[in-house]
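Here is what each chain is made of, one letter per residue.
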Amino acid sequence: MAIGLSNHEVYPRVVKCGCPQTVSIVPVGTVARFNDEWVYNIGIVPTECSDETYIEHERMTNIIKAKSVNGTITFTHTFEGEQEWALLLAPEIYPTSIRKYSIYSLEEDLYERTPYKGDLHAHSNSSDGNEEPCIVAANYRKNGFDFFALTDHHKFQPSVDLINYYKDLPVDFKIFTGEEIHLKGYYIHTVNFGGKSSVNEYYNADPEKHHEEIKKISETLSVPAGINALEYAYRKWIADEIHKRDGFAIIAHPFWINKDELHMRPKMVDYLLEKEHYDAMEIVSGVSAHETNLQTAFYNDQRAKGRKIAIVGSSDCHGTDPALFFNNSKSIVFAKDLEYESICSAIKDLYSVAVETRPNEGVRIYGPFRLVKYARFL
């Protein structure tokens with residue numbers, strides 16, 4: 001009977017680098033047990049950080065000899081550097097019978113964090129989505145998400161009702177409040193993630209009054225060429241109102257093309273990021289490959305300027321059936337726990353990546369290099 005890699009589990013798969021770590025290769029079922037009478041060689045090969053040369057006949061590999069106990073092989077090794085490692089296991093008596101396993105070593109700051117899969121921008125039939133809020137949430141959990149926010153257009157209350165719907169059920173899944181903000185007569189989309197109340201409702205209670213206030217503010221501003229002062233005043237006002245409600249302000253799909261125009265002009269996005277009014281920007285947001293390419297290229301330019309840009313991946317989903325569509329754009333947030341403050345702090349501190357999956361194209365992950373490497377391993 002063939003014994004494949006799925007017949008063994010490596011525990012732990014993620015270890016702390018720079019100090020001794022004990023690792024076990026454990027059989028799943030009795031047929032995959034290692035022979036307690038044999039000696040096994042374990043070659044430990046780093047994927048990137050090593051003092052060794054790539055000149056083949058000069059290369060050396062760390063070799064550990066181990067014996068199994070009750071069918072399980074356990075060894076101790078110090079993994080240096082933050083990287084993936086190949087574990088090449090073979091019995092001494094059959095040296096060409098090699099099985100390869102993988103393990104990842106992390107620096108302490110990342111080792112102490114948990115990767116959480118989430119979506120901070122999604123819709124239900126309370127606005128223009130396909131399913132009821134409770135169905136949307138259930139489908140997210142069914143597809144392995146750890147958290148999400150319902151952010152219906154113009155509406156905050158559906159997210160509150162959804163949280164109350166599930167509040168007495170013991171589910172390991174966090175649902176956060178949210179809304180997508182559109183102000184009357186102005187085509188501005190902004191995500192209020194986790195706020196305690198609605199910016200939409202506040203504005204729409206007296207739109208003429210708020211418009212006049214914002215317009216007066218815009219007339220006092222000195223903004224760079226190419227920046228519309230009134231639009232900038234509106235976008236800043238929205239972010240300020242989100243923060244008054246302890247919410248997390250997200251620039252939504254900035255380079256979505258609508259009616260032959262970008263949703264936001266690049267100069268406006270650049271200026272908002274320079275002024276640090278917003279907490280994060282969607283660089284993956286359920287839009288086309290063309291639009292996503294623009295957003296990710298813009299993000300790279302911002303980093304080249306030396307700016308630290310907090311990013312998220314969001315689906316902006318309007319339907320969760322079939323699962324393919326809403327599961328294509330998401331975030332992985334490396335946080336201390338699943339509480340709101342921890343998720344927001346992790347994103348602000350640049351411990352998040354945006355994940356994009358397109359049919360027949362594989363997975364692309366965007367963000368800081370060390371996080372992208374780790375996320376790809378996961």
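Our structure is the block above this text.
Residues numbered from 1 in each chain as written. Predicted model: local features only at pLDDT ≥ 70, side-chain atom pairs only at ≥ 80, totals over all residues. Heavy atoms only, no water.

### A closer look at empty space enclosed by the protein
Using the criterion set out here, one finds one cavity of 30 Å³ or more in the structure. Roughly 30 Å³ of volume is contained in the largest cavity. For the largest cavity, the full set of lining residues is Tyr 299, Arg 303, Ile 309, Ile 311, Leu 350, Ser 352 and Pro 368. In the lining of the largest cavity, the residues fall into five nonpolar, one polar and one charged. (1 Å grid on protein atoms, 1.4 Å probe; cavity = no way out; pocket = protein on both sides within 12 Å on 5 of 7 lines; lining within 4 Å. Points joined across faces, edges and corners; volume = space filled by probe spheres on them. Nonpolar A, V, L, I, M, F, W, Y, C, P; charged D, E, K, R; others polar.)

### Points about the sheet that holds strand 21 (residues 362–366)
Across the sheet, which stays open at both edges, the six strands sit in the order 11-10-9-19-20-21 with mixed pairing between neighbours. Of all the strands in the sheet, just strand 11 (174–176) and strand 21 have a single pairing partner and so form its edges. Ignoring strand direction, the axes of neighbouring strands in this sheet form an average angle of 25 degrees. Summarising the sheet, strand 20 (residues 352–358) and strand 21 pair through five bridges and their orientation is antiparallel. (Pairing = 2+ DSSP bridges. Helix = DSSP H or I, 4+ residues; strand = E, 2+ residues; numbered from the N terminus. Axes fitted to C-alpha atoms, helices over the stretch in contact; angles between N-to-C directions.)

### Considering helix 2 (residues 133–142)
Looking only at helix 2, the buried set comprises Pro 133, Cys 134, Val 136, Ala 137, Asn 139 and Tyr 140. Elements in contact with the buried residues of helix 2: strand 9 (114–119), strand 10 (147–149), helix 3 (157–166), strand 11 and helix 9 (323–326). One or two steps after helix 2, the chain reaches Gly 144, where phi turns positive at roughly 85 degrees. (Buried < 20%, exposed > 50% of the residue type's maximum accessible area, 1.4 Å probe, protein only. Contact = heavy atoms within 4.5 Å.)

### What about a negative patch on the surface?
Together, Asp 206, Glu 208, Glu 212, Glu 213 and Glu 219 make up a region of like negative charge exposed at the surface. Locating Glu 208 in the fold gives a position in helix 5 (residues 207–219). (Patch = residues over 30% accessible without salt bridge, like charges linked within 9 Å, V, L, I, M, F, W, Y side chains within 5 Å. Areas by Shrake-Rupley, 256 points an atom, 1.4 Å probe, with all protein chains shown as cover. Salt bridge = Lys/Arg side-chain N within 4 Å of Asp/Glu carboxyl O. Lys, Arg positive; Asp, Glu negative; His and termini not counted. Charge placed at Lys NZ, Arg CZ, Asp CG, Glu CD.)

### Comments concerning the packing of aromatic side chains
With the rule as written, the count across this model stands at 23 aromatic pairs. Here the aromatic rings of Tyr 140 and Phe 145 are separated by 4.8 Å at their centres, their planes lie at 75 degrees, and the arrangement is edge-to-face. For Tyr 140, a relative accessible area of 0% gives the class buried. Under the relative-accessibility criterion, Phe 145 is labelled buried at 0%. Here the aromatic rings of Phe 176 and Tyr 340 are separated by 6.0 Å at their centres, their planes lie at 50 degrees, and the arrangement is tilted. Taken as a pair, Phe 176 in strand 11 and Tyr 340 in helix 10 (residues 340–348) lie far apart in primary sequence, 164 residues in all. For the pair Phe 176 and Tyr 340, a shared accessibility class is recorded, and that class is buried. Through a chain of ring-to-ring contacts, three or more aromatic side chains come together here, namely Tyr 140, Phe 145, Phe 148, Phe 173 and Phe 326. Geometry around Tyr 351 places Arg 113 over its ring, the cationic atom sitting 3.7 Å from the centre. Sitting above the plane of the Tyr 202 ring, Arg 245 keeps its charged end 5.0 Å from the centroid. (Phe/Tyr/Trp six-rings, centres within 6.5 Å; stacked < 30°, edge-to-face > 60°. Lys NZ or Arg CZ within 6 Å of the ring centre and 35° of its normal.)

### A few points about the pattern of salt bridges
Throughout the structure, instances matching the rule amount to 19 salt bridges. The residue Glu 261 makes a salt bridge to Arg 265 at a minimum N-O spacing of 3.4 Å. The partly exposed category is assigned to Glu 261, whose relative accessible area is 46%. Given a relative accessible area of 48%, Arg 265 falls into the partly exposed group. Among the ionic pairs, Glu 361 bridges to Arg 364, the shortest N-O distance being 3.1 Å. Each of Asp 270, Glu 274, Lys 305 and Arg 307 takes part in salt bridges that share partners, so that together they form one network.

### Remarks on the state of the cysteines
Inspection of every chain in the model, using the stated rule, returns zero disulfides. Cys 134 takes part in no disulfide bond, and the closest cysteine sulfur to it belongs to Cys 317, at a distance of 14 Å. What makes Cys 134 buried here is its relative accessible area of 13%. (Disulfide = S-S within 2.5 Å.)

### Section: unusual backbone geometry
Cis rather than trans, the peptide bond between Tyr 11 and Pro 12 has omega equal to -5 degrees. Structurally, Pro 12 is set in the loop between strand 1 (8–11) and strand 2 (14–16). Each neighbour pair has its own omega, and for Asp 321 with Pro 322 the value is 10 degrees, a cis peptide bond. Even without glycine at this site, Asp 260 takes up a positive phi of about 70 degrees. The exposure class of Asp 260 is exposed, given its relative accessible area of 77%. One non-glycine residue, Asp 316, lies in the positive phi region at around 50 degrees.

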